[in-house]
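Listed below, chain by chain, are the residues.
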Amino acid sequence: MKDTYTFATLFLAAVAWLTFKIARIGRRDGRLPPGPPTVPVLGNIHELPRKFAFLRFSEWGRKYGGIISIKLANATAIVVSDLKVVKELLDDRSSETSSRPYSYALEALSKGNFFVLASSESLVWRASRKSIQPFLAVQASDLHVPIVERESSALLHGILHNPGAISSHILRYTFSSIAYFAFGKRVLRHDSPELQSYQTYIRNFCKAVSPEAAPVDLIPILRYVPDFLAPWMKLWRETRSQQLSLYNSFLEHAERVKEGEGRNRSIIQATLEQRHELGLSRETVAYTGGVLLDAGTETLATTMLSLILCLMKSPAVLKKAQNEIDELIGSKRLPVANDIEELPYIQAIIKEVLRFRPSIPTGIPHAPLNDCHYGGYTIPKGSAIFINTWAIFHDPDLFERPDDFWPERYLLTPDGTKPGLNKDYNIRSSLSFGSGKRLCPGMNFARTSLNVAVMRLIWAFDFEPGDNSSRMDQSWSLEEHYFEGITLTPKEFSCRMTLRSADRAKAIEDSYILYENSNA
Ligand code: HEM
């Protein structure tokens with residue numbers, strides 16, 4: 001009898017303990033920053049929209065403050081929508097807040113080698129950043145210029161001869177520039193099989209790490225589900241095999257190519273030479289270069305496509321930019337990298353597109369290495385911290401007409417904010433590229449690539465809507481024009497690019513022949 005009582009008491013205590021634990025799932029701890037009300041178990045999951053989550057984050061930021069917390073079952077996400085918090089928490093305390101949240105899905109896919117998402121304590125992240133740094137630093141811009149001048153000359157040539165496939169030409173430009181810089185291998189055709197397999201792989205990769213296809217990071221118990229009940233396992237296996245085959249084919253090229261010495265080597269050739277010293281395996285070296293391809297190709301291409309979309313919808317801005325460049329250069333030679341210094345309006349257009357349509361609107365999440373105390377709150381170790389650049393760049397208190405594409409704002413003030421604004425910090429020009437120790441290492445290369453390609457496209461072509469529906473369309477709606485994934489990617493749009501004059505065609509042909517025959 002006594003045993004029965006003891007068992008019943010223990011059983012009831014266990015049920016009470018379990019109920020208490022389950023009821024606490026999804027609840028916001030009082031030490032966290034404020035945020036929207038939670039419901040048991042889910043927390044705020046049910047309120048997250050399927051698309052453009054940054055818009056909901058911005059709304060919550062306006063309601064609950066510049067630093068908020070969101071509960072995703074047991075996990076916590078912090079969203080920063082205030083410039084002052086970005087500076088104090090992520091820039092100034094970068095050594096504490098520059099790790100990444102752990103992702104089981106990513107671990108399964110890339111076995112810890114994908115350094116963009118690796119912990120700041122990991123050897124992979126430290127060694128990979130160290131090996132790429134000398135090639136991507138601002139002092140290395142003399143390495144970037146010949147690559148992007150040659151690839152952008154091929155871009156103009158491609159559009160001239162096949163004006164219908166703008167997005168593939170842009171993707172070839174960004175992919176080939178980075179593939180050459182990283183592995184010494186170019187991709188010459190916009191319809192090449194390499195580019196197509198890259199696109200298939202990257203689509204699968206984004207899907208494979210998304211919680212919709214593989215909710216293992218939200219519901220950790222799913223990690224123990226057997227393979228035949230877990231459809232994401234098949235997707236992970238396929239994606240890993242595509243990833244390895246892509247990265248390895250480029251790595252083998254870098255190993256085969258003997259030419260290229262000193263600073264003319266590709267990033268991966270140089271990394272291979274010092275891989276034992278750096279403590280990197282051959283597979284990790286393949287990933288170091290592959291990650292540059294993955295992180296750089298889409299971000300650059302989506303920014304350029306957004307810019308073309310904006311110019312197509314703003315004929316007056318395009319005309320003003322063409323007048324500026326014609327006055328400096330005329331029609332007989334292609335613009336070169338240094339010309340950007342003399343073209344303030346085109347500089348303003350590039351800054352404006354990075355503000356108006358940031359290619360990663362909530363950045364890549366950071367995570368604190370340990371529990372971190374800020375502003376009276378505690379941010380738990382490992383929780384995801386998002387920088388909501390969208391909210392900052394579209395804040396009506398900072399920007400005049402924030403939802404308009406209006407490059408002139410950057411002629412009025414260097415950071416584009418309202419003239420005479422009394423604020424604590426200027427918006428640093430690198431904000432679209434992240435923060436602290438994780439600041440995008442490709443930023444200088446990206447800027448040179450954007451400057452050269454944008455100057456040349458504006459100089460060479462008129463951009464007009466290719467069909468009547470987009471001719472009538474004056475809207476800037478995200479829903480209409482953008483997919484949402486990790487990057488803010490424009491949907492396919494019809495744009496007719498017509499050559500501005502016959503002497504420009506000659507300059508394009510001449511420069512194409514010159515670059516293709518050189519060893520840049
Ligand atoms: C317009 C173009 C680009 C934009 C807007 C952009 C933006 C970003 C952002 C927001 C991050 C996250 C930074 C953080 O965590 O705080 C990032 C990381 C990164 N980007 Fe870029 N990026 C661009 C182009 C490139 C290019 C061209 C490359 C390579 C050549 C590149 C390589 C990387 C890498 C490797 C990381 C991960 C850094 C780390 O985790 O330590 N990016 N980028």
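Reading the values: the criteria
- Residues numbered from 1 in each chain as written.
- Predicted model: local features only at pLDDT ≥ 70, side-chain atom pairs only at ≥ 80, totals over all residues.
- Heavy atoms only, no water.
- UniProt positions renumbered as here; feature names shortened; annotations may be inferred.
- Buried < 20%, exposed > 50% of the residue type's maximum accessible area, 1.4 Å probe, protein only.
- Helix = DSSP H or I, 4+ residues; strand = E, 2+ residues; numbered from the N terminus.
- Pairing = 2+ DSSP bridges.
- Salt bridge = Lys/Arg side-chain N within 4 Å of Asp/Glu carboxyl O.
- Donors = N, O, S within 2.8 Å, 3.2 Å for Na, K, Ca; no water.
- Axes fitted to C-alpha atoms, helices over the stretch in contact; angles between N-to-C directions.
- Contact = heavy atoms within 4.5 Å.
- Patch = residues over 30% accessible without salt bridge, like charges linked within 9 Å, V, L, I, M, F, W, Y side chains within 5 Å.
- Areas by Shrake-Rupley, 256 points an atom, 1.4 Å probe, with all protein chains shown as cover.
- Phe/Tyr/Trp six-rings, centres within 6.5 Å; stacked < 30°, edge-to-face > 60°.
- Expected span 1.5 Å × (residues − 1).
- Near = heavy atom within 4 Å.
- Polar contact = N/O pair within 3.5 Å; in protein donor to acceptor, adjacent residues only side chain to side chain.
- Nonpolar A, V, L, I, M, F, W, Y, C, P; charged D, E, K, R; others polar.
- 1 Å grid on protein atoms, 1.4 Å probe; cavity = no way out; pocket = protein on both sides within 12 Å on 5 of 7 lines; lining within 4 Å.
- Points joined across faces, edges and corners; volume = space filled by probe spheres on them.

The protein chain is annotated in an unreviewed UniProt entry as Cytochrome P450 of Psilocybe cubensis. Of the comments in the UniProt record for the protein chain, the one headed Pathway (unreviewed entry) reads "Secondary metabolite biosynthesis." According to the UniProt record, the Cofactor (unreviewed entry) comment for the protein chain reads "heme".

What follows is about the pairing of strand β6 (residues 461–465). What you see with β6 is a clean split: Phe461, Phe463 and Pro465 sit on the buried side and Asp462 and Glu464 on the side with no burial. As judged from the five bridges shared by β6 and strand β9 (residues 495–499), these two strands associate in the antiparallel manner. Note that in β9 the partner of Glu464 across the bridge is Arg496.

Quick look at the pattern of salt bridges now. Taken as a whole, this structure holds 28 salt bridges when the rule is applied. Residue Arg172 pairs with Glu151 through a salt bridge whose shortest N-O separation is 2.8 Å. Taken as a pair, Arg172 in helix α8 (residues 166–183) and Glu151 in helix α7 (residues 141–161) lie far apart in primary sequence, 21 residues in all. Assigned by exposure class, Arg172 and Glu151 land together as buried. Of the charged contacts, one joins Arg500 and Asp326 as a salt bridge, the two residues approaching to 2.6 Å between their closest N and O atoms. Taken together, the residues span a long stretch of sequence, with Arg500 in the loop between β9 and α21 (502–517) and Asp326 in helix α14 (residues 315–329) at a distance of 174 residues. In this structure, a network of salt bridges that share partners links the residues Glu151, Arg172, Arg186 and Glu516.

Exactly one protein atom donates to the iron atom of the ligand; that atom is Cys440 (SG), 2.3 Å from the metal. Summarising the element assignment, Cys440 is placed in the loop between α17 (409–412) and α18 (443–460).

Take the sheet that holds strand β5 (residues 384–387) next. Strand order in this open sheet of three strands is β1-β2-β5, and the pairing throughout is mixed. Looking at the sheet topology across the chains shown, the edges are occupied by β1 (67–72) and β5. Here the strands of the sheet are splayed against their neighbours by 25 degrees on average, with no regard to which way each runs. Pairing analysis gives four bridges linking strand β2 (residues 75–80) to β5, with the strands arranged parallel. Within the sheet, the bridge partner assigned to Ile78 lies in β5 and is Ile385. Against the sheet, helix α2 (residues 53–64) engages β1 and β2, with an angle of about 125 degrees to β1.

This brings us to a nonpolar patch on the surface. On the surface, Ile219, Ile221 and Tyr224 cluster together into a nonpolar patch covering about 380 Å² of accessible area. Along the chain, the position of Tyr224 falls in the loop between α9 (193–208) and α10 (231–256).

Taken as a whole and assessed by the stated rule, the structure comprises 19 aromatic pairs. Plain terms: the ring middles of Phe181 and Phe445 are 5.0 Å apart, the flat faces sit at 20 degrees to each other, and that makes the pair stacked. Of this pair, Phe181 sits in helix α8 while Phe445 sits in helix α18, placing them 264 residues apart in sequence. Judged by its relative accessible area of 6%, Phe181 is buried. Phe445 gets classed as buried once you look at its relative accessible area, which sits at 4%. When the ring of Tyr201 is compared with that of Phe205, the centres are 5.9 Å apart and the planes differ by 50 degrees; the resulting orientation is tilted. Placement of both Tyr201 and Phe205 in helix α9 is noted, with a separation of four residues, approximately one turn of the helix.

Moving on, we get to α9. Its 16 residues give α9 an end-to-end C-alpha distance of 22 Å, which sits within 8% of 22 Å, the value for a rise of 1.5 Å per residue. Among all positions in α9, only Leu195, Tyr198, Tyr201, Ile202, Asn204, Phe205 and Ala208 are buried. Looking at the buried positions of α9, the neighbouring elements they touch are α5 (104–110), α8, α10 and α13 (282–313).

On to the site of the ligand, then. Looking at the ligand, there are 25 residues lining it, with Arg100, Trp125, Arg129, His366 and Cys440 nearest. Interatomic distance of 3.2 Å between a backbone N/O atom of Val116 and an oxygen atom of the ligand. Here His366 contributes a side-chain N or O atom positioned 2.7 Å from an oxygen atom of the ligand. Mapped by element, the contributors of at least two residues to the shell around the ligand are α6 (123–136) and α13. With six residues, the single largest contributor to the shell around the ligand is α13. Looking at the shell around the ligand, its residues break down into 13 nonpolar, nine polar and three charged.

Approximately 630 Å³ is the volume found for the second largest pocket. Taken together, 26 residues line the second largest pocket, and the ones lying closest to its centre are Ile350, Lys351, Ser429, Arg447 and Asn451. At the level of elements, α7, α15 (344–356) and α18 are the ones that each hand at least two residues to the lining of the second largest pocket. Residue classes in the lining of the second largest pocket are distributed as 12 nonpolar, eight polar and six charged.

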